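Here's the letter readout for the chains.
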Amino acid sequence: MDDFNSDTDSDYTSYWRDWFISSRGNEYFCEIDEEYLTDRFNLTGLNTEVAYYQYALDLVTDVFDFDCDDDMREQIEKSARHLYGLVHARYIVTTRGLAKMLEKYKKADFGKCPRVMCEAQPLLPIGQSDMANTSPVKLYCARCEDLYNPKSSRHAIIDGAYFGTSFANILFQVYPAMVPPKSQRRYEPRVFGFRMHAAAALSRWQTEQREQMKDRLRQLRIETGFEEEDEELESEEEDEDMDVGEGFEHSAVAVKQ
């Protein structure tokens, strides 16, 4: 806000949303259409959750015209950021909001999954609660279906309620083609090429459970999303069997000699 303190009130308010979106740490947010912000129906109930609600709304919608001291302005600015975040959670599940967030998702603006087996799958911001001041935002990977903490400390302090618990799931419902294939690959600890006994037993149990789950889904005629990777795994296993077979042939020849 230091860039605006020396300007007039009109200059200060003219660029509030542009300033907010372009500020470091707010890269996860998309710009809310002015028509959405000025429709009172979209703001239902927020007046009880935001201090200085009317002043904050005037600031966000660029009609702020109130002569106040620096302390009061700071409080209004804080309320404006909170109001924008709460409205943002509602906006991103609309048609326009989903389209804007989809573009950011395609560009991996929210980061990529740190799990090696997910092959840099783009992430989506998601909240663990729809109630404000409950938990910070997390990043959801649709490939491994797990949550991760943001890398940047600036992003890690964003309230998860500003994105809500439903956004990521609604986006994939509206754009099913963006759902990535599920990941079955897991790291297998080995010693000199041999799998660890306990880890191998756990891996076999997990594989059996996954196969049973896939069978249940097939019986219910529900797409599992595993078919393509199943084919890849079968192809890799066939290649390994061929390598093992060739190894036995070479060993047999060596023994005879």
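Report on the accompanying structure. In this text the structure is predicted, and so the values were computed from the model without any measurement. (Residues numbered from 1 in each chain as written. Predicted model: local features only at pLDDT ≥ 70, side-chain atom pairs only at ≥ 80, totals over all residues. Heavy atoms only, no water.)

## What about the packing of helix α5 (residues 53-60) against helix α6 (residues 70-91)?
- Where α5 meets α6, the closest approach of the two axes is 8 Å, and the angle between their N-to-C directions is 75°. Judged on the interaxial angle alone, α6 and α5 are roughly perpendicular. Listed contacts from α6 to Y53, Y55, A56, L57, L59 and V60 of α5 are M72, I76, E77, S79, A80, L83 and Y84.
- Residue composition of the contact of α5 with α6, grouped by class: eleven nonpolar, one polar and one charged. (Axes fitted to C-alpha atoms, helices over the stretch in contact; angles between N-to-C directions. Helix = DSSP H or I, 4+ residues; strand = E, 2+ residues; numbered from the N terminus. Parallel < 35°, antiparallel > 145°, perpendicular 65-115°, else oblique. Contact = heavy atoms within 4.5 Å. Nonpolar A, V, L, I, M, F, W, Y, C, P; charged D, E, K, R; others polar.)

## Comments concerning the environment of S79
- Relative to the assigned elements, S79 resides in helix α6.
- Given a relative accessible area of 8%, S79 falls into the buried group.
- Note: C-alpha distance between S79 and A51 (28 residues apart in sequence) is 6.0 Å. (Buried < 20%, exposed > 50% of the residue type's maximum accessible area, 1.4 Å probe, protein only.)

## Let's talk about a negative patch on the surface
- A grouping of D69, D70, D71 and E74 is seen on the molecular surface, where their side chains present a negatively charged patch.
- Overall, the relative accessible area of 63% leaves D70 in the exposed class. (Patch = residues over 30% accessible without salt bridge, like charges linked within 9 Å, V, L, I, M, F, W, Y side chains within 5 Å. Areas by Shrake-Rupley, 256 points an atom, 1.4 Å probe, with all protein chains shown as cover. Salt bridge = Lys/Arg side-chain N within 4 Å of Asp/Glu carboxyl O. Lys, Arg positive; Asp, Glu negative; His and termini not counted. Charge placed at Lys NZ, Arg CZ, Asp CG, Glu CD.)

## Here's the deal with the side chain of D58
- Of note, D58 is situated in helix α5.
- No salt bridge is formed by the buried D58, whose closest oppositely charged neighbour, R40, lies at an N-O distance of 5.7 Å.
- Dropping the residues within four chain positions of it, D58 is found in contact with V63 and F64.

## Details of the nonpolar core
- One finds W16, L83, V87, M101, L124, F163 and L171 to be the most contacted residues of the largest nonpolar core, which totals 51 residues.
- Among the secondary structure elements, those contributing two or more residues to this core are α3 (16-22), α4 (34-37), α5, α6, α7 (95-106), β1 (124-126), β2 (138-141) and α9 (167-174).
- Ignoring anything within four residues of it in the chain, the contact list for F163 reads Y28, F29, H88, A89, I92, M101, P125, I126, V137 and I158. (Core = buried A, V, L, I, M, F, W, Y, C linked by side-chain atoms within 4.5 Å.)

## Thoughts on the environment of D33
- For D33, the position within the fold is in the loop between α3 and α4.
- Take D33: its relative accessible area is 17%, and that puts it in the buried class.
- In this structure the C-alpha to C-alpha distance between D33 and Y91, which are 58 residues apart in sequence, comes to 8.7 Å.
- At a separation of 2.9 Å, a polar atom in the side chain of D33 contacts the side chain of Y91. (Polar contact = N/O pair within 3.5 Å; in protein donor to acceptor, adjacent residues only side chain to side chain.)

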